[in-house]
Structure formats: structure tokens, C-alpha cells
Amino acid sequence: MPTVHLLDYVAGNVRSLVNAIEKLGWTVDWIKSPEEVSAAEKLILPGVGHFGYCVSQFAKAGYTEPIIAHIRAGKPFMGICVGLQALFESSEEDLSAAGFGVIPGRLDRFGDKDKSVPHIGWNSASTSSGDHVAGDSLYGLRPDSKYYYVHSYAMPYREGELEKDGWAVATAKYGDEEFVGAVARDNVFATQFHPEKSGAAGLGVIKAFLEGRKREALPSAPSLASAKLGLTRRVIACLDVRTNDQGDLVVTKGDQYDVREKGGVSAGGAVRNLGKPVDMARKYYEQGADEVTFLNITSFRNCPVADLPMLEILRRTSETVFVPLTIGGGIRDTVDTDGTRISALDIATLYFKSGADKVSIGSDAVTAAEEFYARGKTLAGTTAIETISAAYGIQAVVVSVDPKRVYVSSPSDTAHHTIKTAFLGPKDEEYCWYQCTTKGGREGRDFDVWQLVTAVEAMGAGEVLLNCIDKDGTNSGYDLELINDVKAAIRIPVIASSGAGNPAHFAEVFEKTSTDAALGAGMFHRGEYTVRQVKDYLQEQGLLVRQFED
Ligand code: 1PR
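Definitions and cut-offs
Residues numbered from 1 in each chain as written. Predicted model: local features only at pLDDT ≥ 70, side-chain atom pairs only at ≥ 80, totals over all residues. Pairing = 2+ DSSP bridges. Helix = DSSP H or I, 4+ residues; strand = E, 2+ residues; numbered from the N terminus. Core = buried A, V, L, I, M, F, W, Y, C linked by C-beta atoms within 7 Å. Buried ≥ 20, exposed ≤ 12 C-beta atoms within 10 Å, placed from the backbone. Contact = placed C-beta atoms within 7 Å. Axes fitted to C-alpha atoms, helices over the stretch in contact; angles between N-to-C directions. Parallel < 35°, antiparallel > 145°, perpendicular 65-115°, else oblique. Nonpolar A, V, L, I, M, F, W, Y, C, P; charged D, E, K, R; others polar. UniProt positions renumbered as here; feature names shortened; annotations may be inferred. Near = placed C-beta within 6 Å. Domains from an automatic or database assignment. Left-handed = near helix turned anticlockwise from the far one by under 90°.

1. Here's the deal with the sheet that holds strand S6 (residues 106-109)
Reading across from one edge, S5-S6-S10 is the order of the three strands in this open sheet, with mixed pairing throughout. For this open sheet the edge positions go to strand S5 (90-91) and strand S10 (153-154), each flanked by a neighbour on one side alone.

2. Observations concerning the nonpolar core
In this structure, Val 359, Ile 385 and Val 464 are the most contacted members of the largest nonpolar core, which totals 159 residues. The leading source of residues in this core is helix H11 (residues 449-459), at seven residues. Not counting chain neighbours up to four residues away, the residues in contact with Val 359 comprise Ile 327, Gly 328, Ile 331, Ala 348, Tyr 351, Ile 388, Ala 396, Val 397 and Val 398.

3. A look at the packing of helix H9 (residues 363-374) against H11
Running from N to C, H9 and H11 cross one another at 85°; their axes reach a closest spacing of 9 Å. Taken together, the axes of H9 and H11 lie roughly perpendicular to each other. Contacts from Ala 365, Val 366, Ala 368, Ala 369, Phe 372 and Tyr 373 of H9 reach H11 at Gln 451, Leu 452, Ala 455, Val 456 and Met 459. Looking at the contact of H9 with H11, its residues break down into 10 nonpolar, one polar and no charged.

4. Focus: the UniProt feature "active site" (unreviewed entry) in the protein
On the UniProt side, "active site" (unreviewed entry) is annotated at positions that read Cys 81, His 194, Glu 196, Asp 240 and Asp 402 here. Look at the named residues: they lie 322 residues apart in sequence, and the longest C-alpha span between them is 32.0 Å, so in the fold they stay spread out. Positionally, Cys 81 belongs in the loop between strand S4 (77-80) and helix H4 (82-85). Under the C-beta neighbour-count criterion, Cys 81 is labelled buried, with 27 such atoms within 10 Å. Among all residues touching Cys 81, those that are not within four sequence positions of it are Gly 47, Val 48, His 151, Gln 192 and His 194. Within the fold, Glu 196 resides in the loop between strand S13 (188-191) and helix H5 (199-210). Glu 196 gets classed as buried once you count the C-beta atoms within 10 Å, which come to 28. With residues up to four places along the chain from it excluded, the contact list for Glu 196 reads Ser 16, Leu 17, Ala 20, Gly 202, Ile 206 and Phe 322.

5. Description of the site of the ligand
Lining the immediate environment of the ligand, one finds 31 residues, of which Gly 362, Ser 363, Ser 400, Gly 440 and Gly 522 sit closest. When grouped by side-chain class, the residues that make up the shell around the ligand number nine nonpolar, 17 polar and five charged.

6. What about the domain arrangement of the protein?
One can read the domain layout of the protein as domain 1 (3-217) and domain 2 (234-399 + 434-540). Relative placement of domain 1 and domain 2: their C-alpha centres are 29 Å apart. Across the contact, 24 residues belong to domain 1 and 26 residues belong to domain 2. Every element with two or more residues in the side of domain 1 that touches domain 2 is listed here: helix H1 (15-23), strand S7 (119-123), strand S9 (147-151) and H5. With four residues, the top contributor of residues to the side of domain 1 that touches domain 2 is H1. In the side of domain 1 that touches domain 2, the residues fall into 10 nonpolar, 10 polar and four charged.

7. Let's talk about the packing of helix H13 (residues 503-512) against helix H15 (residues 531-540)
It is the contact of H13 with H15, at a shortest axis distance of 8 Å, that shows an interaxial angle of 50°. On the basis of the axis angle, H13 is oblique to H15. Of the two elements, H13 crosses H15, and the hand of that crossing is right-handed. Mapping the contact onto sequence places Pro 503, Ala 504, Phe 506, Ala 507 and Phe 510 in H13 and Gln 533, Val 534, Tyr 537 and Leu 538 in H15. Grouping the constituent residues of the contact of H13 with H15 by class yields eight nonpolar, one polar and no charged.

In C-alpha cells, the structure reads:
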């Protein structure tokens, strides 16, 4: 089998890239020291996280010069994400760190006045401009395909600037900012997006690089309409996983977090079994899910950390599912069954190495946020959110919120942040606040969602997964009031969750709130609708979605 070399320096999920390369029939050889770089024919530089951290790691380990020498020797080179950023001179993310300077220019942070940052989701990498739709492709990129991006800094695109030095550029647009999505010249090719997480379209790009196909005619001509630039509406399938009473690992689904058949555990109700996690994740990928989230809802109590069943689920899923995978449940400092202390960062590392792109933190985030307030809104530096985002980047840390409504007659009845609601309480109360809960909704805290989300944003969370216990499993649509309230509080992306019962609920949440993504569970698991039906419906409503590609 032909071989491609990968640099073994990276924190984060490289398993998916290896899986993608192997699926394409190639073998990965790891470069473990600077001396080995010269032996590489084709070199891929993956990268996640912080620009300054990555380039200083290269420099410290002695990789910078050998990588530049590889490029100068005219050997094929591909950079991914921070691997693209490193080719430029510098980045606003850390102005004290020098990039390789192979391409002139400085990366800037996206403006967050009118949009969420980081930029997370599926966007273009298009060589078309204006009314001209490119009929040929750069390394398999199609103007009508979408690719998965996750980053806060980007190289702004200024027409002609890179082209005058011979670079070919594919661009994407986020809000009104156009930036470099991919860039190529001679033997160098780099993508800001993650091709290994971009489904069939992304695998096609990796394949074109491996086979050295720089420019070729597109097999079918894209239309201008389908080549529309911009971030698509992100649709996520969520799988709540736990062991059932027979000890099997199953996908389950609760009604307002009760996952047992009618009557609950006291009435002898069994845990609902809706299928096998790996098979269902694959099914949703094939239906066009933009992401798959696993929530380990019982954290597999009393199980040695190294044997966490979720690790095996991730390993197997990442072999066939090439979209981002999030894993939640049990991400906290813990003591293993043999008495060893294990940090939340160690647990997250195990998950990333097994194929996760993001970890989702629930109960521990509430505790950490309460302590943040108790300290007078100062950072501890030691929480799970802070340590994981410092090591893997903020885009790798999701906070999962499990709020429920508490009704009050007037805002003065509580110290918490209230909203006026159109859905009155049991005693016709016109106001409510959203109470944070922990332990899967079992414990209510004297702490509101507004406090939580602003605290976790300050601590370094990159995204909020916003559930709602009142809505979970009801099929009655999302809690739009909650979502609008949280969106007004923070700049990081929000995933709307709980209550989706049909495709129109997805359209409604995208039209009536500025949510960045929408998640569904029960309606998919019960087979009432497929992800593809949701996306087709969104498209019919004029909302931009990623088309499924085989
Ligand atoms: O506290 O860090 O160990 O994380 C535990 C994680 O498990 C949290 O993310 C928490 O939300 C989740 N969880 C715990 N118990 C339950 C339960 O259902 N008993 N599930 C649970 C949460 C809610 C959603 C669901 C949406 C959409 N599941 O993720 O998928 O509400 O459902 P729908 O579309 O069917 O309405 P930690």
C-alpha cells in the first residue's frame, strides 16, 4: 500500500485522519523526530488548537526547518487547519509566535459582533467568484460541496493578493467576512477546514492530494445556485447511551429525562432500548447528519476509566463516520476503581485519542461555574473546562446544559435572571427563570442558565449544548424563549436541543432564533423522520444546508 507521512506532534483527534487515509487505501507512517522528515515523500501536517502553541511546539522540537526544507524541495505537502495557518507569517492569536512564512500574511480573529465565534460548521471552499462558477477543481474541491470548519482565526481573503504570487485560493464566507478556505501552489496544498471530518466531499479532497491530482475538470458542472457561499444550518443527531438492565450498551431516550418505560424504575419499567450506538451513528451519518453526539448518561458508574465502553464506541464509530463526533458524560476529575486519581483532562485525552473531536461537560461545568461566582468571577485555572480548552483549544469543549423552568409572578420574586414568557406557569405566572440542574436533571441548583453560560464562556468553553428538561422528548418543538435568551448572553455558538418532533421544528428554531445548530434525538431514533428529510425540508424553506454526498 502507498504511504503518506504524518507528523506525530499533535494534540487532538488524529485518529479520524488516519482512518480516512486508511479507508482510501493508503498507509500512515508516523514521523517521530525531525531527522525523519527528510525520508518523507508526501507529508501531511494536521493541526488543532492554538496557533502559538503549535508553531512553538514545532520550533522547540526542531521540526520547523525540516518542514520548510521538505516544502522547498518540491515534495507534496498538505496542511490541515492549524497546519494551514502555520504556513503564513503570523496570527493575531499569538503575535509573538512566528509561522513558517511560506505564504505572506497574518491571520485575524473573526469579528463577533454579528456572529458566533468560533466559526463551527459546514461552509464552502470555492474557487468560483461572482457569476463565474469554476468548471475545474483544485484538489477535488467542488464549489457546490461543503466542508467542516472549526476555528476562530482565519486568513482574510483580499482578491488578487495571494494570486499575484501564484497561489490558487478557494474561499469561504462567514457573515460578511471572506477568508481563505484552501490554498495551493506547486507542491503545497492546505485547507482551513478538516477534510477528514467533511464526509465524502472531504475524503475526495484527501484522495486528490494523495494521488497528486492538483487540477482536473469536474465530472459534473455545478450550478451557481448550488455553489452558494456561506455557513449551512447544522443538524445534529444525538444518542443518549447507557447500559440497560441486561448489561447491554444501548441507545436510549427519555421523556423529560426519564428513560424508563412508563412508570419509571419503581414500577418496574425497563430502560428504553432504541438500538446499538455504533450502528445508529453510522445510519445518521449516511442520512447526512452534520455531527453526531454521544451522551453517556450514566457515566458507567464503577467502571475503570481505561475500559470506558464509550472509548470502544468512539473507536469503531470513527472508522466509518467522517463527521465530527462529540462525547459527553463523566468528564470530570475522578478517582479510578483502583484508587488512582484521574483528571478531567486525562479522560478527555482518552476520548480524543479514540476519535472524539469535542467533549461535552455537564454537571462539572455547573459546579465550576458556581465556584467561579463564589470567587468573584475569577478563573481558577484548574477546572475541566480550562484545562481541556488550554490543551486542545476552545472548539473542543462543549458545555451541556440541563435547565428547567421555575415560574414566578414577578421578576422581583427571585434574584435570578428572568424572562417574560408567552407560556404561563401553573398559576398563570408570566415570568420564569431557568434553573441549572446536575446529575441528569436529578439535582436542581440555586443557579440560573444565564449565570452558567456567561461563566463557562469566560472559562474557555467553545460551544453550548442547550437542552431543556421541560421540552425533552415532548415532540412539541424547541424552547425558543430559552434559546433566544441564551443567544443574547454569549458569543460562542449554541446548539438548540430538546423538543424536536418534526422537520418544521428545525425550520422554526432556525427562523425564530439565531441558534447555530439544532439537535434531535427521539424523532430520529423512533424512525419518525430521517435526518435527510429534515434537511430537505429546511432546503425547501430556503435555508442553506449541506447536501448529502455519496
Ligand atoms: O453531567 O457531565 O456526566 O454529563 C451527563 C450528560 O448526560 C449531560 O449532557 C446530560 O444532558 C445527559 N443526560 C443525563 N441524564 C440524561 C437523561 O436523559 N436521563 N440526557 C441525559 C440528556 C438530553 C438531550 C436529548 C435532547 C433531545 N439528553 O441531549 O438528546 O433533549 O431529545 P429530543 O429531541 O428527543 O427531545 P455529565
